[in-house]
Amino acid sequence: MKINREILTTAGILIIIAVTPLIFHENSYTMHLLIMSMIWAVAATAWDLLLGYGGIFNLAQVGFFAIGAYATGMASIHLGISPWMGLLLGAVASGLAGVLIGLPCLRLKGIYVALMTLAFFEVIGPLIVVGINLGTGGKAGLFPIPPFRLGSYVFNTDELLPWYYLCLILLAICLFITYKLIHSMLGLSFTALRDSEPFAQSLGINRFKSALVVTAIAAAMTGLIGAFYAHYVVVISPRMLGLDMFLFLLIMIIFGGAARFPGPVIGAFVITFLDDMLRPLDSYRLLAFGALMVIMIMLLPNGLMGLVAKINIPLFGKRDTEAEMLNPDIPKTY
Amino acid sequence: MSLNDLIEILISGITIGLVYFLIAVGFSLIYGVSRVLHLSYGSFFTWGAYLAWIFAVKLNFNYFWVFVLVCPILYIMGMALERFVVRPLRKRDNFDFNVLLAGLGVALFLDYAAQAFFGARTKSLPSLLDGTIQIHDFVFSYQQLTMLAAAVVIAFALWFFLEKTRQGLALGAVAQDPVGARIVGVSLNKVYLLTFGISTILAGSAGILLAPRFFISPLGGWKFLIKALIIVVAGGLGSIRGTLYSAFLLGILEALVGWLFGLLWVMPFWFLALLLILLIKPHGLLGSTADH
Amino acid sequence: MILELKNVTKTFGKFAAVSDLNFSVNEGEIFGIAGPNGAGKTTLFNIISGFYRATGNIVFDNRKISHLGPDKINILGIARTFQIPLLFDSMTIYQNILVGSHFGGQGKSEVENRINEALSFFGLQELRAAAVANLKLLDKKLTMAAAAFATRPKLLLLDEPVAGLNPVEAELFVGLVKKLNREHGVTIIMIEHLMNILTEMSDRMMILNNGQKLIVGSPETVINDPETIECYLGNSHA
């Protein structure tokens, strides 16, 4: 792995997150916000993999988050499986759901993918409510989802540090997978399809296959962090499928920079804390976020990372070209 | 299921279908003409109802004046959206993606602006007309009948505009072939402005007509946007006749599913129906294959 | 016989771009296609390479391919170039060829060897790290052909490969195509506007007009055929 700007930025972010509790570990509210930021960072990064890199307008990502959360929630409450297995189960269940929704949708053209996945997303909420006999908890939600255990230690709400570092490990794993994926041949196939779809096809690239694989991986990552979320917040309900989260994740991606890894991670932290600071504004807060979203798209389409890439910072080495930013690990030559 | 039940389901399905047609037709028109997936459409639906609430409840105008006053406001809002958000994006790469996200941003802005101004609690509009009428065993409210009449009038007016007026024909020309239309002297920017203006009026009017039945709330437009979306995709993106057919089809399905299993099952069934239609006809009932 | 078309028809609305076409191409030959603008030559390429679905039957290497998409057809051994250079503009020459080598054709081993072979065959070794967006036309066309070659095709479709090149560049390209055919045994179907180039290169050739086959045969028979003369002179002097 060649050291480049993406790796430096990502490593920098992870180190800062790792040492932050030295200052804030006594402030449980800030710790909570940081944990939530990490959760959203994973979800936003996975979504960006589809929207930004894959050019796949999948709008059902929040649904996969809920599927991961409900998979582990239902299995650990009703079947008594360990929450650690639940994390895995959440990832697998969401990944499978991703394949199931991808099979009929991804053969369609871009705009139909957006419409179909949005419709699918809207169906999950009602399905959870009508599925009350299957143990979904219906409208009221599932409660209480058991915490993780490590030997005799039980994760609890008085001590957030264990949650914090567990979440950091999950974040690091997901960022590593994402980085590897972007710079794999699969990532190259998406660059090729975006540059010239006919030429890419004539050289043997199958859009459907590439799209299905990346959809499954993004869904699995989202399901994994959804499962963690379920154990962390103890209670889940169909309310998590509301618009707020849907739109907030999109704002995080746009703010950090779509297809500008690890932009969405930065977006997740900035927007989560900004949202908390603006809480006194009440309704005007979301109004402001709507305006921010439109303004970012109009004026800064590549987000924060797009802006940073334009500035030459000697510390980070020379400026990357567009091609290098997209596929730095794929050799330009031997 | 008795015969009377069946007739009742059918009547209710057709009524719902007409209402859904009203909601979806503006969305269909915008996509057909300008290829914009207009995700803030639902918010204009909400704003139409709120504007009507200001004039009808706060200022005590009657419905005739409400429409006369609200329509121009909606028209200007729609044109402003096209001019200041959509048009600048059209000149850049990734138009589809950016306009989709910008639409969501505008929706967020408008919905929470409504919440900030009008509060989170639902509001209601008075009925268009009070009273009921009985035909055989079936009772209709005047509200229901006026809504039906209004839907028919609006559908007819739209047909007349698109088929019989010069500007309407220009819209059709752009929908079929924007490059060709420009060559014969149609100004694309003017057509897009007009389309957004008219569609916004259609969204707002649907909001006003439905408000006496469904209440008005800041986020209420989303439910209808999603329904409009499914209807329009099932009917074939950009085909107004397809939108009409699928609105009736899904309206009757809704009445049937609601009667058999309860309203919660409606969305899952709609989604299944959509999947089925797209599996058989990948471009919807009457979708053209030309543009994809 | 490596490729055979039977009753192939493609209509757009009421317009038949290719109508009831029958012909076959022998293994190892260079097969030239000519015809006036709008004769359906590029449409024919799009049909063979799987971009358009047409009626009728297409058999390649004893396999029916008429129902397959472009990526599957490439995997089976047909590669193509496009009239206007379509390249991956955000990548280098090396990466463009890498895409062909990794995703195309059969056998995923020796990806690196295939790239090097393609680079040296088309004389692109020194430019391998160059971004393709700023290349001159000849190098773009060479890159496109090299990426297609890296998929190890049995049959290569070239759509007006020398259009827009100056005579020296055109001669270089023609030489490479002949060498590709002789040394690597790649069967070639080539669309070309310039009759002298086509007659000089082709083992056999076909004239298309209004989506129909006018004549197939050796270059001498084809250019001396009265119908060809009428079709060509009639059009180019109109």
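Okay, so let's go over this structure.

Reading the values: rules and limits
- Once a new chain begins, its residue numbering starts again from 1 and follows that chain's sequence as written.
- Following the order in which they are written, the chains are lettered starting with A and the ligands numbered starting with 1.
- Thresholds applied to this predicted model are a pLDDT of at least 70 for local features of residues and 80 or more for the giving and counting of side-chain atom pairs; totals over whole chains, interfaces and linings are not thresholded and use all residues.
- Side-chain numbers here rest on the full set of heavy atoms in the structure, without hydrogens or water.
- By definition, any uninterrupted DSSP run of H or I lasting at least four residues is a helix, any uninterrupted run of E lasting at least two residues is a strand, and each is numbered from the N terminus.
- Radius of gyration: over C-alpha atoms. The globule rule applied is 2.2 Å multiplied by the number of residues raised to the 0.38 power.
- Burial status follows relative accessibility: with a 1.4 Å probe on protein chains alone, a residue under 20% of its type maximum counts as buried, one over 50% as exposed, and anything between as partly exposed.
- Should any heavy atoms of two residues lie within 4.5 Å, those residues are counted as being in contact.
- Buried area, as used here, totals the accessible surface that two parts lose on assembly, with accessibility defined by a 1.4 Å probe and the loss added over both.
- In what follows, salt bridge is the name for a side-chain nitrogen of Lys or Arg lying within 4 Å of a carboxyl oxygen of Asp or Glu.
- Think of a polar contact as two N or O atoms within 3.5 Å of one another; within protein, one of them needs to be a possible hydrogen donor and the other a possible acceptor, and neighboring residues in sequence only count if both atoms come from side chains.
- Only Asp, Glu, Lys and Arg are considered charged, only Ala, Val, Leu, Ile, Met, Phe, Trp, Tyr, Cys and Pro nonpolar, and every remaining residue, Gly among them, polar.
- Site definitions follow a grid-based scheme: protein atoms alone, a 1 Å grid, a 1.4 Å probe that fits but cannot get out for cavities, and for pockets an open set with protein on both sides within 12 Å along at least five of seven lines, plus lining residues having an atom within 4 Å of a point.
- Grid points are joined across faces, edges and corners, and a volume is the space filled by probe spheres set on the points.
- Simply put, an axis is a line fit to the C-alpha atoms, just over the touching stretch for a helix, and the angle between two N-to-C directions goes from 0 to 180 degrees.
- By the definition adopted for this analysis, an angle is roughly parallel if under 35 degrees, roughly antiparallel if over 145, roughly perpendicular if from 65 to 115, and oblique otherwise.
- For two strands to be treated as a pair, DSSP must find no fewer than two bridges joining them.

It is worth spelling out the overall build of chain C at this point. A tally of regular secondary structure across chain C gives nine helices and ten strands. On C-alpha atoms alone, chain C measures out to a radius of gyration of 17 Å, which is about the 18 Å that the 2.2 N^0.38 rule sets for 238 residues. Dimensions along the principal axes, computed over C-alpha positions, put chain C at roughly 50 × 40 × 35 Å. Scored against the burial criterion, the 238 residues of chain C give a buried share of 56%. Of all intrachain contacts in chain C linking residues separated by at least 6 positions in sequence, the fraction that spans at least 24 positions is 64%.

Okay, the interface of chain A and chain C next. Interface size is commonly expressed as the accessible surface area that is lost when the partners come together. At the interface, 24 residues of chain A touch 31 residues of chain C. Interface area for chain A against chain C, summed over the two sides, is near 2400 Å², with a carbon-plus-sulfur share of 69%. There are zero salt bridges connecting chain A and chain C. At the junction of chain A with chain C, the criterion picks out five residue pairs in polar contact (both at pLDDT 80 or more). Mapped onto the side of chain A that touches chain C, the elements with two or more residues apiece are helix 8 (185-195), helix 9 (197-202) and helix 15 (322-326) of chain A. Its residues assigned to classes, the side of chain A that touches chain C comprises 13 nonpolar, nine polar and two charged.

Turning next to the layout of surface pockets. Approximately 1600 Å³ is the volume attributed to the second largest pocket. If you go around the second largest pocket, you meet 46 residues; those closest to its centre are E122(A), P126(A), K223(B), K227(B) and M267(B). By residue class, the composition of the lining of the second largest pocket is 27 nonpolar, ten polar and nine charged.

Turning our eyes to something else, we now look at the side chain of S49(C). All names here are of chain C. Relative to the elements of secondary structure, S49 occurs in the loop between helix 1 (41-48) and strand 4 (55-60). Judged by its relative accessible area of 6%, S49 is buried. At a separation of 3.2 Å, a polar atom in the side chain of S49 contacts the side chain of R80.

Right, let's get into the environment of P146(A). All names here are of chain A. Within the secondary structure, P146 is located in the loop between helix 6 (110-130) and strand 1 (149-150). What makes P146 partly exposed here is its relative accessible area of 26%. Considering only alpha carbons, one finds P146 and G102, 44 residues apart in sequence, at a separation of 32 Å. Among residues more than four places away in sequence, those in contact with P146 are S76, I77, P83 and H231.

Residues and elements named next belong to chain C. Across the interface, helix 5 (residues 137-149) lies against helix 6 (residues 167-184) with an axial gap of 11 Å and an inter-helix angle of 10 degrees. Relative to helix 6, the element helix 5 lies roughly parallel. Facing helix 5, whose interface residues are L138, K141, L142, A145 and F149, helix 6 presents E169, L172, F173, L176, L180 and H184.

As a further point, take the packing of helix 4 (residues 61-78) of chain A against helix 6 of chain A. Residues and elements named next belong to chain A. Here helix 4 crosses helix 6 at 30 degrees, and the two axes come no closer than 9 Å. One element, helix 4, and the other, helix 6, form an angle in the roughly parallel class. Contacts between helix 4 and helix 6 involve V62, G63, F64, I67 and Y70 from the first element and F120, F121, I124 and I128 from the second. A class-by-class count of the residues in the contact of helix 4 with helix 6 yields eight nonpolar, one polar and no charged.

Here F143(A) and P144(A) are connected by a cis peptide whose omega angle stands at -15 degrees. Positionally, P144(A) belongs in the loop between helix 6 and strand 1. One non-glycine residue, R35(B), lies in the positive phi region at around 55 degrees. Mapped onto the fold, R35(B) is located in the loop between helix 1 (3-34) and helix 2 (41-58). Here R35(B) falls in the partly exposed class, since its relative accessible area comes to 28%.

Turning next to the sheet that holds strand 10 (residues 212-217) of chain C. All names here are of chain C. Read across the sheet, six strands follow the order 6-7-8-3-9-10 without closing on themselves; strand pairing throughout is mixed. Each edge of the sheet is formed by a strand with only one pairing partner; in this case those strands are strand 6 (78-80) and strand 10. Along the sheet, successive strands turn relative to each other by an average axial angle of 20 degrees, direction set aside. Judged from the four bridges that link them, strand 3 (residues 30-34) and strand 8 (residues 187-191) form a sheet pairing that is parallel. Looking at the pairing, G32 lines up with M190 of strand 8.

Contact with chain A, which involves 40 residues of that partner, is made by 42 residues of chain B. The largest contributions to the chain A side of the interface with chain B come from Y112(A), L115(A) and M298(A), which together make up 17% of the buried area. At the boundary of chain A with chain B, the tally comes to zero salt bridges. Applying the counting criterion to the chain A and chain B interface returns two residue pairs in polar contact (both at pLDDT 80 or more). The element contributing the most residues to the side of chain A that touches chain B is helix 6 of chain A, with 14 residues. Residue composition of the side of chain A that touches chain B, by class: 36 nonpolar, two polar and two charged.

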